[in-house]
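Structure at a glance
Given next are the chains, with one letter for each unit.
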Amino acid sequence: MATVHQTQPTVQLLLSTSEFVGALDLIATTQEVLQQELQGIHSFRHLGSQLCELERLIDKMMIADFSTYARSDLNRPLEDNQVLEEERLISLVFGLLKQKKLDFLETYSEEMIVAAKNIIKQSVIETISQMEEIDTEAVVKLADQMRMLNFPQWLELLKNTFSNFIKFLNRVKATINIIRNVVFLVLDKSRERNRELETAACQKNPVLGHSLETEVAYLTHEGMFISDAFNEREQPAGLDTEPQRISYHNSEPCGSDSTSEVECTTDSSSSKEQTSSSATGGVEIMVTDDLRLTELELGRIANNIQELLYSASDICHDRCVKFLMARAKDGFLEKLNSSEFVALSRTVEAFVQETEKICGRRSMSLRGALQSQANKFVNRFHEERKTKLSLLLDNERWKQAEVPVEFQDLVNSIADGVIALPEKKTAERKPADVLAVDGQKYAVVGTVLLLIRIIFEYCQCVDDIPSITTDMLTRLSDLLKHFNSRSCQLVLGAGALQVVGLKTITTKNLALASRCLQLIVHYIPIIRVHFEARLQPKQYNMLRHFEHITKDYNDHIAEILAKLVAIMDGLCDKMLSKHEVKAPVPSGCFRNVCKQMAKMHEAIYDLLPEEQTQLLFLRINSSFKVHLKRQLTRLNVVNDGGPLHGLVASDLAFYTGNIQALKGLENLDLNMAEIWEQKR
């Protein structure tokens with residue numbers, strides 16, 4: 001009785017040192033004694049209800065203390081990487097589990113959200129405080145101050161924020177591991193107790209033992225536990241209590257007072273089955289406590305603990321998304337150049353992988369936000385270059401440009417099929433007249449040189465940011481189509497006459513346009529291979545864009561060749577339609593034709609490869625023969641060896657000699673016999 005009388009002061013003493021489990025254990029023990037050994041003692045008639053009220057107070061104290069602990073744990077300096085007051089945490093978790101107060105994980109989650117916000121805020125404040133150029137009095141809002149940072153400064157702030165979140169997640173993980181260990185310990189003890197119960201029950205009554213574990217989990221209609229029906233079987237009840245008390249004794253970090261109280265409960269534990277249906281609420285709580293949490297509930301808590309770690313990762317990622325979006329508000333991230341965006345992408349990706357390693361699950365919000373920014377970046381990247389290309393084309397006079405050494409270095413850098421932008425060389429070298437590519441010389445205009453560089457920038461961007469490969473392929477296809485169609489409008493369509501004021505579209509303009517197109521066609525297979533290596537197999541159908549583009553370019557090149565032939569065809573038709581077979585020889589008509597042929601050759605020979613020049617003149621020659629044959633037929637001149645035939649033969653000899661005297665056409669087979677009607 002003296003010991004029971006000291007219960008309340010002892011509980012108060014234990015609570016003063018936050019030994020909640022010891023206090024709860026002492027209350028449970030005292031309730032047992034009151035129910036079983038001191039029942040009916042008048043002086044103790046109110047003690048049971050007082051202890052119940054005290055127990056409810058302890059519940060509130062534990063919840064409040066855990067909230068305080070979580071706040072202190074998550075908001076202390078990040079450099080402190082030790083678990084905060086580990087024994088206190090273990091004691092709190094044991095107590096909360098003992099009382100089935102299972103929403104403490106939600107409390108911790110709420111504190112994580114608050115702490116994550118503070119980490120962002122503190123990181124920004126620390127960075128801004130070091131920037132003398134930012135007037136914090138003039139610009140009051142923290143977000144506005146952050147937007148005043150240039151990219152290197154902002155990226156450094158982002159890296160610091162990521163670093164702080166990594167420390168934060170490691171701290172959360174360490175705390176959660178302690179909580180998980182406590183739950184697993186309780187779960188192990190619960191399973192051990194259930195096995196012992198089953199064994200003991202089977203020894204006394206095999207049929208009863210088979211269903212005991214299920215039955216003790218349900219209440220009768222009177223509010224009592226089914227286990228009360230076995231109040232004459234002392235051994236199971238004793239086994240029920242003892243392992244439970246041992247689990248506290250093994251894991252309880254409290255002082256010796258609470259330990260001694262725990263030890264004394266084993267003597268009276270077998271009296272728990274004396275509880276009746278008219279017992280107070282405190283007794284029912286005590287019985288529930290003896291049963292502890294079911295394995296299902298403990299398993300659910302263990303799962304919730306793992307989900308809490310996942311949630312921590314998601315919270316950090318979500319805060320980083322808001323931080324990213326705050327900086328993207330004025331279009332800042334869209335305006336980054338590719339190297340800056342690559343730096344941002346790599347920083348984010350490293351953070352995502354590190355959090356995945358810590359928490360065991362990939363959080364997608366930050367990666368998704370970056371992908372959204374990447375899409376905007378691709379749009380801006382493409383629109384900038386397409387606009388630039390349009391301006392270049394609209395100012396292009398279609399004259400041969402010198403080739404600066406940096407562009408020659410650019411094409412040389414991919415001689416092995418690998419596209420990569422080379423570093424600029426400081427040594428001064430003179431520009432060349434043509435671009436040398438794989439043993440061929442390309443006479444080009446300035447626009448196509450810049451287009452080659454732009455194309456390589458697209459390829460480089462795909463290397464740096466693999467996630468945008470498909471978008472970049474689509475945009476690059478659009479760019480190549482735009483160059484093809486716009487150059488066609490300007491040269492073949494003579495749009496350059498109005499746009500840049502050219503007086504006429506010359507054969508030189510046409511030949512240069514053809515050669516520029518041929519240069520792009522040369523690189524399309526290399527570009528295709530570059531993208532193919534970075535696509536998933538299911539995306540290979542996108543490569544058909546390159547096949548369509550190649551066909552369009554080759555068609556355009558063929559149209560230019562046809563236009564060059566048509567120019568000479570018109571001249572030949574005009575001059576030969578007035579041709580008369582008479583002395584002197586060579587006739588003025590043939591002299592003019594040869595003169596125009598020589599001018600054509602002079603215009604294109606340095607621009608087109610020799611084999612293309614030969615092909616062009618063979619087609620021009622065929623056209624010439626058609627018109628000459630028509631005129632001779634009209635004049636009734638035949639190859640009869642007569643005077644008129646002789647004059648024509650002299651003109652043809654002059655024509656053949658002049659054509660074959662042109663550079664590269666020495667061995668051209670003109671086959672002039674075709675102008676005569678074949679004798680039947």
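These notes cover the structure that comes with them. (Residues numbered from 1 in each chain as written. Predicted model: local features only at pLDDT ≥ 70, side-chain atom pairs only at ≥ 80, totals over all residues. Heavy atoms only, no water.)

With respect to the pattern of salt bridges
Operational definition: The rule for a salt bridge is simple: a side-chain nitrogen of Lys or Arg has to be within 4 Å of a carboxyl oxygen of Asp or Glu.
Applying the stated criterion across every chain yields a total of 23 salt bridges. Across the pair Arg-88 and Glu-85 runs a salt bridge, and its minimum N-O distance is 3.1 Å. Among the ionic pairs, Arg-385 bridges to Glu-384, the shortest N-O distance being 3.8 Å. In the salt-bridge network here, residues are joined through shared partners; they are Arg-380, Glu-384, Arg-385, Arg-453 and Glu-457.

Things to note about the state of the cysteines
Rules: Pairs of cysteine sulfur atoms within 2.5 Å are identified as disulfides in what follows. When a residue's accessible area, from a 1.4 Å probe over protein chains only, is under 20% of the maximum for its type it is buried; when over 50% it is exposed; and in between it is partly exposed.
For the structure shown, the criterion picks out zero disulfides. Distance from the sulfur of Cys-320, which forms no disulfide, to the nearest cysteine sulfur (Cys-316) is 6.7 Å. No disulfide involves Cys-572; its sulfur sits 8.3 Å from that of Cys-589, the nearest cysteine. Given the relative accessible area of 0%, Cys-572 is considered buried.

A closer look at unusual backbone geometry
Excluding glycine, residues mostly carry a negative phi; peptide bonds, for their part, are mostly trans. Stated precisely, the cut-off is as follows: Secondary structure elements are defined from DSSP: runs of H or I of at least 4 residues count as helices, runs of E of at least 2 residues count as strands, and each element is numbered from the N terminus.
Each neighbour pair has its own omega, and for Ala-583 with Pro-584 the value is 0 degrees, a cis peptide bond. Cis rather than trans, the peptide bond between Val-585 and Pro-586 has omega equal to 0 degrees. Looking at where Pro-586 falls in the secondary structure, it is placed in the loop between helix H21 (544-576) and helix H22 (588-604). One non-glycine residue, Asn-636, adopts positive backbone phi at about 60 degrees. On the basis of relative accessibility, which here comes to 64%, the residue Asn-636 falls in the exposed class.

Side note on the packing of aromatic side chains
Note the cut-off: A pair of aromatic rings is counted whenever rings of Phe, Tyr or Trp (Trp by its six-membered ring) have centres within 6.5 Å, and the orientation is called stacked for planes under 30 degrees apart, edge-to-face for over 60 and tilted otherwise.
For the coordinates displayed, the defined rule picks out 16 aromatic pairs. Aromatic side chains Phe-165 and Phe-168 sit 6.4 Å apart centroid to centroid with 75 degrees between the ring planes, which places their arrangement in the edge-to-face category. You can see Phe-165 and its partner Phe-168 sitting in helix H8 (residues 151-204), three residues apart, about one turn around the helix. Phe-168 shares its class with Phe-165; the two are buried.

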